[in-house]
Amino acid sequence: MSFVSHSALTKSLCVCSALFVGSINADAEKVSWPKVNTTLQTDNAIERQLDTLLASMTIEQKVVQLIQPEIGYLSVAQMRKYGFGSYLNGGNTAPYGQKQADAKTWLKYADEMYAASVDSSEDGSSIPTIWGTDAMHGHSNVYGATLFPHNIGLGAARDADLIHRIGQATAKEVAATGIEWMFAPTVAVVRDDRWGRTYESFSEDPDVVAAYAGPMVTGVQGEIGDTFLTDYRRIATAKHFVGDGGTENGIDRGDTVATEQVLRDIHAAGYYTAIAAGVQSVMASFNSWNGKRVHGDRYLLTDVLKQQMGFDGFVISDWNAHKFVDGCDLEQCAAAFNAGVDVMMVPEHFEAFYHNTLQQVKDGVISAARLDDAVRRFLRAKIRWGVFGRGKPSGRPESANPQWFNAPEHRELAREAVRKTLVLLKNNNNILPLSPKSKVLIAGDGADNIAKQAGGWSVSWQGTDNTNADFPNATSIYAGLRQQIESAGGRVELREDGQYTNKPDVAIVIIGEEPYAEWFGDIQQLEYQHGNKRDLALLNRLKQQNIPVVTVFLSGRPLWVNKELNASDAFVAAWLPGSEGQGIADVLLTDKDGVIQHDFRGKLSFSWPKFDDQYLLNVGQAQYDPLFAYGYGLTYADQTELAPLSEATRAQPVQNAAEQIPLFVRNLADGMMWALSDSTKLLDRFNTPSAVSADGKSVTMQSVNLAYQEDGRKFVWQNTAEAASASLAYADAQVLTEAISSKFLQMNIRLDQIATADVKIAVMCQQALCLRTESLQPLLQNMTPGKWHTVALALHCDDARSKPQSAEEAVRLSTDQQFSLAVADIALVNTVTPSALLLGCGQ
């Protein structure tokens with residue numbers, strides 16, 4: 001494995017090498033972790049400033065420093081009232097609710113929040129707040145930003161200097177919007193590629209993650225010394241500590257069952273170099289370790305991270321992750337504070353959380369010493385960054401450089417990164433590189449689809465609601481190819497379905513996964529398009545017409561694609577390249593004179609499966625038998641012919657659990673969609689986090705949080721002449737088998753506005769014919785507004801005169817008066833939760 005040298009890299013690798021060698025013979029019962037914070041020295045002047053500051057602060061002012069609301073729920077007035085130490089924007093939130101807000105608008109919002117935080121008229125405090133954002137692959141939540149390839153692609157580049165430069169460029173774009181703090185880099189080491197966050201990891205190999213974490217941190221924060229946290233440099237966050245990439249079955253936020261030595265030597269690899277580089281923030285992980293939630297694990301967060309490893313920055317929680325710690329809920333969690341979480345990310349319930357935490361401190365549940373330690377750690381990082389001296393965001397020197405945002409040099413850097421991340425898996429008969437003078441058919445639904453090539457965490461959280469219009473400065477893969485081919489005198493035809501007008505010399509087919517983020521991307525099958533092989537059908541149609549096929553595969557992980565490989569003459573793993581799609585043309589095409597522009601350089605940082613049941617496939621394991629091994633990647637000099645591959649499947653089909661059929665549990669189940677109906681249109685379907693009925697007013701939908709991010713939906717009805725409805729609908733009609741009809745529909749409901757007229761609930765409906773239709777009023781009358789309640793409705797009653805044989809809608813809520821509620825965790829169950837409010841038969 002070869003890496004481009006970097007000044008910080010040599011030191012960090014020496015640290016890792018020493019600790020790994022020293023750990024081999026560690027006592028299995030007592031594992032020691034290395035101290036890695038050896039370069040960032042204590043600044044006595046800062047510590048004295050902290051002593052003075054802490055002595056002057058009230059308990060209220062200390063507690064509020066440690067609570068982080070989200071801008072979708074936080075108002076400027078609330079910031080002025082409380083003076084929260086920080087705030088964030090989630091993946092689906094932008095200032096003033098404007099998804100396409102420009103950089104100036106983000107800076108304006110930062111100014112408003114800053115001014116409110118230093119206004120001492122209500123809270124008596126003038127400590128400036130700071131803003132945190134998920135800059136996952138560039139300043140990726142902001143409309144028009146440069147989007148670099150996701151980490152999985154960068155891992156294939158094996159170029160630590162590239163990583164450092166990407167960190168610098170991202171910090172500059174974040175600085176241009178007035179934001180001080182980045183929730184990056186992710187330093188997970190993935191073991192099961194079914195995990196929905198695999199693409200956020202650089203590699204399955206801890207050495208690659210360790211080699212990248214330090215350079216990314218120094219790119220964002222600067223080198224320890226005179227440039228540290230100065231000028232455009234931002235506060236970085238290494239996440240998620242620890243074991244996030246090792247959960248059983250690749251289930252996001254699940255349980256990592258591993259020895260402490262495995263946790264230390266594999267999953268913690270990136271933290272050694274990140275902390276050695278001076279990272280100021282570490283985000284605790286949602287997962288459990290051997291059954292215990294990391295957010296409540298004092299041994300890991302305090303004994304290991306802060307004491308043994310010497311981390312002197314602060315620990316930030318993940319989005320509402322405290323809820324899952326024993327003894328906690330959305331509105332309080334002393335256990336997480338006492339375990340070592342310093343700043344609590346409480347997007348929506350921050351006011352209640354503040355008051356409850358304040359009372360817990362007064363009652364001694366959280367000690368004064370623990371409170372002071374948490375506040376000191378957070379303020380230390382803020383002071384190191386210079387928050388007291390820099391003034392409002394728009395007045396800072398770095399904010400005088402709006403040209404940093406989507407700068408031409410950043411786009412060129414991203415284009416370079418795309419070229420270096422591409423991995424050539426197959427090139428039979430050396431079909432590549434292609435002459436740009438050829439007649440080229442460009443096909444596949446990823447060809448002119450920037451949302452697909454960018455993936456999740458791109459303008460929106462999931463990326464599923466994006467179009468090319470959401471990426472105004474980006475270039476699709478098709479556009480990059482077209483420009484170079486037409487400039488050289490070749491001809492291009494774009495047909496997504498492959499139905500050309502003139503027979504081409506070659507077809508470039510761009511296919512791959514749809515965008516996703518976090519648990520929405522968890523899968524159970526490794527086979528690409530399992531159950532619906534439409535892209536394979538496209539490839540085969542072209543092959544049957546004797547058209548050479550070059551497949552460009554967009555994905556957030558290796559997948560079993562033996563059938564697609566067999567149907568392709570060349571196959572390129574392009575991962576999720578981001579905004580600069582022309583980088584693919586740079587490698588696939590020669591120049592007009594037939595000279596190679598750029599060769600393939602990418603080498604797999606994840607092993608590629610030979611069989612569809614190789615869920616755990618990592619270099620170094622016993623019986624390692626991949627199709628393409630870790631480190632594989634062809635170049636144009638290679639004369640390698642890939643023989644036909646076995647297309648036999650071995651994975652066992654996944655059976656629906658008999659006890660429960662999830663419909664909307666954390667996210668929409670496969671085949672489910674939201675639907676809104678009004679007098680102008682019935683069942684207007686959506687799979688987005690927000691929507692409005694076709695008439696633009698009768699009923700609206702927006703995402704809310706129960707336990708997970710956006711795991712609920714809130715519906716608001718207006719007064720209308722005819723009833724409007726909100727439904728959880730099937731994409732295709734569902735046959736009502738006995739297995740379905742014998743269950744209960746169970747869901748969580750939060751009453752947000754009391755109904756002034758009847759609200760109907762109907763289940764398993766085919767147009768006007770439903771299995772049951774009842775008034776929801778008896779249940780609503782027993783609900784406390786603003787609180788979540790579990791409700792259930794029996795499906796197996798015999799009171800329907802005629803029953804539908806199939807259903808378009810699983811559940812429908814309707815009214816013609818102003819009303820609002822939120823729903824979550826909708827499922828068909830055999831056994832109702834004991835505390836549920838039940839609408840049984842005959843009620």
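See above for the structure.
Below, the structure is looked at part by part. Counting restarts for each chain, with residues numbered from 1 along the sequence as it is written. Residue-level local features of this predicted model are given only where pLDDT is at least 70; pairs of side-chain atoms are given and counted only at 80 or more, and the full residue set underlies all totals for whole chains, interfaces and linings. For the side-chain quantities, the full set of heavy atoms in the structure was used; hydrogens and water were omitted.

### Focus on the pattern of salt bridges
Here is step 1: Salt bridges are defined as contacts in which a side-chain nitrogen from Lys or Arg sits within 4 Å of a carboxyl oxygen from Asp or Glu. Enumeration according to the criterion identifies 50 salt bridges in this entry.
Here is step 2: Between Asp625 and Lys610 there is a salt bridge; the shortest N-O distance is 2.8 Å. With Asp625 in the loop between helix H20 (582-588) and strand S18 (660-665) and Lys610 in the loop between H20 and S18, the pair connects residues that are 15 residues apart, well separated along the chain.
Here is step 3: Given the relative accessible area of 31%, Asp625 is considered partly exposed.
Here is step 4: One salt-bridge network, held together by shared partners, links Asp159, Asp161, Arg165, Glu416 and Lys420. The way it works is that DSSP assigns letters per residue, a run of H or I at least four long becomes a helix, a run of E at least two long becomes a strand, and they are numbered from the N terminus. Type-normalised accessible area, obtained with a 1.4 Å probe on protein chains alone, sets the label of each residue: buried when under 20%, exposed when over 50%, and partly exposed for intermediate values.

### Some words on the state of the cysteines
Here is step 1: In what follows, a disulfide is any cysteine sulfur pair within 2.5 Å. Enumeration according to the criterion identifies two disulfides in this entry.
Here is step 2: Across a sulfur-sulfur distance of 2.1 Å, Cys765 and Cys770 are joined as a disulfide pair. Since a negative S-S torsion denotes a left-handed disulfide, the Cys765-Cys770 link at about 110° is right-handed.
Here is step 3: Taking relative accessible area as the criterion, Cys765 reaches 0% and is therefore assigned buried.
Here is step 4: Given the relative accessible area of 10%, Cys770 is considered buried.

### Things to note about empty space enclosed by the protein
Here is step 1: Residues are said to line a cavity or pocket when one of their atoms sits within 4 Å of a point; the points come from a 1 Å grid over protein atoms alone, cavities being sets where a 1.4 Å probe fits but cannot get out and pockets being open sets with protein on both sides within 12 Å along at least five of seven lines. Grid points are joined across faces, edges and corners, and a volume is the space filled by probe spheres set on the points. Evaluation of the coordinates by the stated rule reveals nine cavities of 30 Å³ or more.
Here is step 2: When its volume is computed, the largest cavity comes out at roughly 170 Å³.
Here is step 3: For the lining of the largest cavity, the elements supplying multiple residues, two or more each, are helix H6 (151-157), helix H7 (160-176) and helix H8 (206-221).
Here is step 4: Looking at side-chain class alone, the lining of the largest cavity contains twelve nonpolar, six polar and two charged residues.
Here is step 5: In this structure, the second largest cavity encloses a volume near 110 Å³. Residue classes follow a fixed rule: Ala, Val, Leu, Ile, Met, Phe, Trp, Tyr, Cys and Pro count as nonpolar, while Asp, Glu, Lys and Arg count as charged, and any other residue, Gly among them, counts as polar.

### Looking at the pairing of strand S28 (residues 769-775)
Here is step 1: At least two bridges found by DSSP between two strands is the condition for calling them paired. Sheet analysis places strand S27 (residues 760-766) next to S28, joined by six bridges and oriented antiparallel. Counted as the bridge partner of Val763 is Arg772 from S28.
Here is step 2: Here S27 hands over to S28 after two residues, with Gln767 in that stretch at a positive phi of 60°.

### Description of the sheet that holds strand S20 (residues 672-677)
Here is step 1: Across the sheet, which stays open at both edges, the six strands sit in the order S21-S20-S25-S30-S27-S28 with antiparallel pairing between neighbours. Two strands close off the open sheet at either side, each with one partner strand: strand S21 (684-686) and S28. Shown here is a sheet whose adjacent strand axes are inclined to one another by a mean of 20°, direction ignored.
Here is step 2: With three bridges joining them, S20 and S21 adopt antiparallel strand pairing. Across the sheet, residue Ala675 finds its bridge partner in S21, namely Arg685. Axes, fitted as lines to C-alpha atoms, cover a helix only where it is in contact. Angles between the N-to-C directions of the axes lie from 0 to 180 degrees.

### What about the side chain of His139?
Here is step 1: The topology assignment puts His139 in the loop between strand S3 (130-133) and H6.
Here is step 2: Among residues more than four places away in sequence, those in contact with His139 are Thr133, Ala145, Thr146, Thr170, Glu173, Val174, Thr177, Ile179 and Phe405. Any two residues whose heavy atoms approach within 4.5 Å are treated as being in contact.

### Quick word on the sheet that holds S3
Here is step 1: Strand order across the open sheet formed by three strands is S2-S3-S4, with parallel pairing between neighbours. This sheet does not close on itself; its edge strands, each paired only once, are strand S2 (86-89) and strand S4 (181-182).
Here is step 2: Pairing of S3 with S4 involves two bridges; the strand directions are parallel. Counted as the bridge partner of Gly132 is Trp181 from S4.

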